[in-house]
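Examination of the molecular architecture
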Amino acid sequence: MNRTFLIKPSSGSCNMRCTYCFYKDEIDNRSVKNYGFMTNSIAKCLIDKALANINDNVNFSFQGGEPTLSGLDFFREFTSYAKEKGGERVTFSLQTNGYIIDREWAAFFHDNGYLIGLSLDGNKKIHDIYRIGPDNKGTFVKAFRAASFFNAEKVEFNILTTVNRVVAQNIGDIFDFFKRNGFRYLQFIPCLDEISGVKNDYSLTPELYAKALKVLFDRYFDSWRRDEYISIRYFDNLVTMLLGYPPEACGMRGVCGNYYVIEADGSVFPCDFYVLDEYKLGNITSSSLDELDKKRAEIAFIEKSTKVEEECKKCRFFSLCRGGCRRDRENFNTKELSLTYLCPAYKEFFNYSLERLIYMAEAEKRARS
């Protein structure tokens, strides 16, 4: 079995003040705003329980807030202990804003096989609109410098771009900028609205998202056809699904999985988007994994996500869309799930791209045979 532990060693602490931060929104909607910093004793307890079953392969994935605020010494100790206990069964990943990344951090990531996600919303003009530091100034220079350190130390990393309103309006220029700078592994993640449902100036509309997906796919397909392939996770997953394989991206599966989100004090939640009081499963220091799984079942977290709208069942794109991520379908005021608010965007995009997606899948199938 493969298990994923998404760890927030710095809780919601961050050295940036991104306008659209979804985790800041979660913090504002729970009783404990910040769980502090994870201690080495909690980290070791987590590792011991995660690796108790010798048949499990385990990925320790770090997010925040900003996880690097826990310090390089914390990661050295965590990684060393996890490798000692799990050996080749253990893999590591981390998502960072790049703000404090230097050559030493990059060398550590390379030497320990970390896969890094670096948040970068495009060129300086676009990135600096919403991704700002505590001084209210843009952070592009720091994030771009982090990428140069990763390249210098041969760190495996993806670029993570939040598709907010401005990014969607400039998606073609952003792709071109990434391509010119040699970034070959890209993830474009739809920007979330607040839990309250309030719309903001950064909010993504279905109309904007549909247009952005089409522009982005044109460039993706053209690069692939020219043997200049650039990986875009969402599109790659669609091709994989057309080949008959399940998507590896959680939000594309249509049903929530058995994840463990570990806050800094050891509190456990079922999903990064649901680190809220009512979804707490227990604490890694006092609960077994079986107990955490039982609590997840008691609150029917996964079961609720299996609800499928009648409109979805009749849609010819359902096998690819699968209804969308639960977070995009849920009204937190009523607790009801309905169609994803991005449904019109997906329909428009699939109408536009499906023939070429099938063409790519068929070419991939021939290449594998």
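Residues numbered from 1 in each chain as written. Predicted model: local features only at pLDDT ≥ 70, side-chain atom pairs only at ≥ 80, totals over all residues. Heavy atoms only, no water.

Stated formally: UniProt positions are given in the numbering used here, feature names are shortened, and annotations may be inferred rather than shown by experiment.
The protein is annotated in an unreviewed UniProt entry as Anaerobic sulfatase maturase from Bullifex porci. Of the protein, the UniProt comment under Sequence similarities (unreviewed entry) reads exactly: "Belongs to the radical SAM superfamily. Anaerobic sulfatase-maturating enzyme family." Its UniProt record gives the protein a comment under Cofactor (unreviewed entry), which states: "[4Fe-4S] cluster".

**Let's talk about helix α9 (residues 206-225)**
We count it as follows: Strands are runs of DSSP state E lasting at least 2 residues, helices are runs of H or I lasting at least 4, and numbering of each runs from the N terminus. Expected helix span is taken as 1.5 Å per residue step, with the number of steps being one fewer than the number of residues.
In this model α9 runs 28 Å from its N-terminal to its C-terminal C-alpha over 20 residues, within 8% of the 28 Å that 1.5 Å per residue would give. One or two steps after α9, the chain reaches aspartate 227, where phi turns positive at roughly 60°.

**Considering helix α6 (residues 140-152)**
Think of an α-helix as turning once every 3.6 residues; residues three or four places apart then point the same way. For clarity, the cut-off: In what follows, a contact means two residues having at least one pair of non-hydrogen atoms within 4.5 Å.
An ideal rise of 1.5 Å per residue puts 18 Å on 13 residues; α6 measures up with 18 Å between its terminal C-alpha atoms. Packed against the buried residues of α6 are β3 (90-96), α4 (103-111), β4 (114-119), α5 (124-130), β5 (156-163) and α8 (171-180). Lysine 154 sits one or two positions beyond α6 and adopts a positive phi of about 60°.

**What to know about the packing of α8 against α9**
Our working definition: Between N-to-C directions, angles span 0 to 180 degrees; the directions come from axes that are lines fitted to C-alpha atoms, helices contributing only their stretch in contact. By definition, turning the near helix anticlockwise from the far helix through less than a right angle yields a left-handed crossing, and turning it clockwise yields a right-handed one. Note that Gly is not counted as nonpolar here; it falls among the polar residues with everything else outside the nonpolar set of Ala, Val, Leu, Ile, Met, Phe, Trp, Tyr, Cys and Pro and the charged set of Asp, Glu, Lys and Arg.
In contact at an axis separation of 8 Å, α8 and α9 are set at 30° when each is read in the N-to-C sense. Crossing angle aside, the handedness with which α8 passes α9 is right-handed. Listed contacts from α9 to Ile171, Gly172, Phe175, Asp176 and Lys179 of α8 are Ala212, Val215, Leu216, Arg219, Tyr220 and Ser223. Within the contact of α8 with α9, the residues separate by chemical class into 6 nonpolar, 2 polar and 3 charged.

**A look at the packing of aromatic side chains**
As a reminder, the rule being used: Each Phe, Tyr or Trp ring, with Trp reduced to its six-membered ring, pairs with another whose centre is within 6.5 Å; inter-plane angles below 30 degrees give stacked pairs, above 60 give edge-to-face pairs, and intermediate values give tilted ones. Between buried and exposed lies partly exposed: a residue is buried under 20% and exposed over 50% of the maximum accessible area for its type, with that area taken using a 1.4 Å probe on protein chains only.
Under the defined criterion, the tally for this structure stands at 51 aromatic pairs. The interplanar angle of 50° and the centroid separation of 5.4 Å between the aromatic rings of phenylalanine 150 and phenylalanine 157 together place this pair among those described as tilted. The two residues phenylalanine 150 and phenylalanine 157 agree in class, both being buried. With a centroid separation of 5.5 Å and 35° between ring planes, the pair formed by phenylalanine 317 and phenylalanine 350 is classed as tilted. Within this pair, whereas phenylalanine 317 is found in the loop between α13 (310-314) and α14 (318-321), its partner phenylalanine 350 is found in helix α16 (residues 343-368), the two being separated by 33 residues in sequence.

**Description of the layout of surface pockets**
Worth spelling out the cut-off: With a 1 Å grid spanning the protein atoms alone, the term cavity applies to any set of points in which a 1.4 Å probe fits but cannot get out, the term pocket to an open set with protein on both sides within 12 Å along at least five of seven lines, and the term lining residue to any residue with an atom within 4 Å of a point. Grid points are joined across faces, edges and corners, and a volume is the space filled by probe spheres set on the points.
If you add up the space inside the second largest pocket, you get close to 280 Å³. In this structure, the second largest pocket is lined by 18 residues; those nearest its centre are Gly197, Asp328, Glu330, Asn331 and Tyr341. Elements supplying a minimum of two residues to the lining of the second largest pocket: α15 (326-329) and β11 (330-331). Ranked by the residues each element gives to the lining of the second largest pocket, the list is headed by α15, at 3 residues. Looking at the lining of the second largest pocket residue by residue, the classes come out as 5 nonpolar, 6 polar and 7 charged.

**Details of empty space enclosed by the protein**
With the rule as written, the count across this model stands at 3 cavities of 30 Å³ or more. Roughly 110 Å³ of internal volume is contained in the largest cavity. Taken together, 13 residues form the lining of the largest cavity, with Cys312, Cys315, Cys321, Cys343 and Lys347 sitting closest to its centre. Mapped by element, the contributors of at least two residues to the lining of the largest cavity are α13, α14 and α16.

**Points about the pairing of strand β6 (residues 185-190)**
What counts is decided by this rule: Strands qualify as paired when DSSP identifies two bridges or more between them.
For β5 and β6, the ladder comprises 5 bridges, and the chain directions are parallel. By the bridge assignment, valine 163 is partnered in β6 with proline 190. In terms of strand pairing, β6 meets strand β7 (residues 231-232) through 2 bridges, oriented parallel. Note that in β7 the partner of tyrosine 185 across the bridge is serine 231.

**Examining the nonpolar core**
Where we set the bar: Throughout this description, the term nonpolar core refers to a set of buried Ala, Val, Leu, Ile, Met, Phe, Trp, Tyr and Cys residues connected via side-chain atoms within 4.5 Å.
Ranked by size, the top nonpolar core spans 102 residues in total, and within it Phe60 and Phe78 carry the most contacts. No other element matches α9, which puts 9 residues into this core. Apart from the residues within four sequence positions on either side, phenylalanine 78 is in contact with Ile7, Ala43, Leu46, Ile47, Phe60, Phe62 and Phe92. Counting 9 residues, the second-largest nonpolar core is a separate cluster that includes Cys256, Cys271, Tyr274 and Phe301.

**Let's talk about the pattern of salt bridges**
Going by this rule: The salt bridge criterion pairs a side-chain nitrogen of Lys or Arg with a carboxyl oxygen of Asp or Glu, the two atoms within 4 Å.
Counted by the stated rule, this structure contains 24 salt bridges. Of the charged contacts in the structure, one is a salt bridge between lysine 179 and glutamate 228, with a shortest N-O distance of 2.8 Å. With lysine 179 in helix α8 and glutamate 228 in the loop between α9 and β7, this residue pair connects regions lying 49 residues apart in the sequence. Overall, lysine 179 belongs to the partly exposed group, its relative accessible area being 23%. For glutamate 309, the salt bridge goes to lysine 307, with nearest N and O atoms at 3.5 Å.

**Focus on the side chain of histidine 127**
Note the following rule: Contacts described as polar in this section are N or O atom pairs within 3.5 Å, which, within protein, must combine one atom able to donate a hydrogen with one able to accept it, while residues neighboring in sequence count only if both atoms come from side chains.
Looking at the secondary structure, you find histidine 127 in helix α5. One polar contact links the side chain of histidine 127 to the main-chain amide nitrogen of aspartate 121, over a distance of 3.1 Å. Every residue in contact with histidine 127, bar those within four places of it in the chain, is listed here: Ser119, Leu120, Asp121, Gly122, Thr139, Phe140 and Ala143.

**Details of the sheet that holds strand β8 (residues 260-262)**
Two pairing modes exist for strands in a sheet, parallel and antiparallel, and in both the strands are linked by backbone hydrogen bonds. Taking strand neighbours across the sheet as the criterion, the 10 strands line up as β7-β6-β5-β4-β3-β2-β1-β8-β9-β10 in an open arrangement whose pairing is mixed. Strand pairing shows two members of the sheet lacking a second neighbour, β7 and β10 (282-283), which therefore form its edges. For strand β9 (residues 267-269) and β10, the ladder comprises 2 bridges, and the chain directions are antiparallel. Looking at β10, one finds that serine 267 is bridged to asparagine 283.

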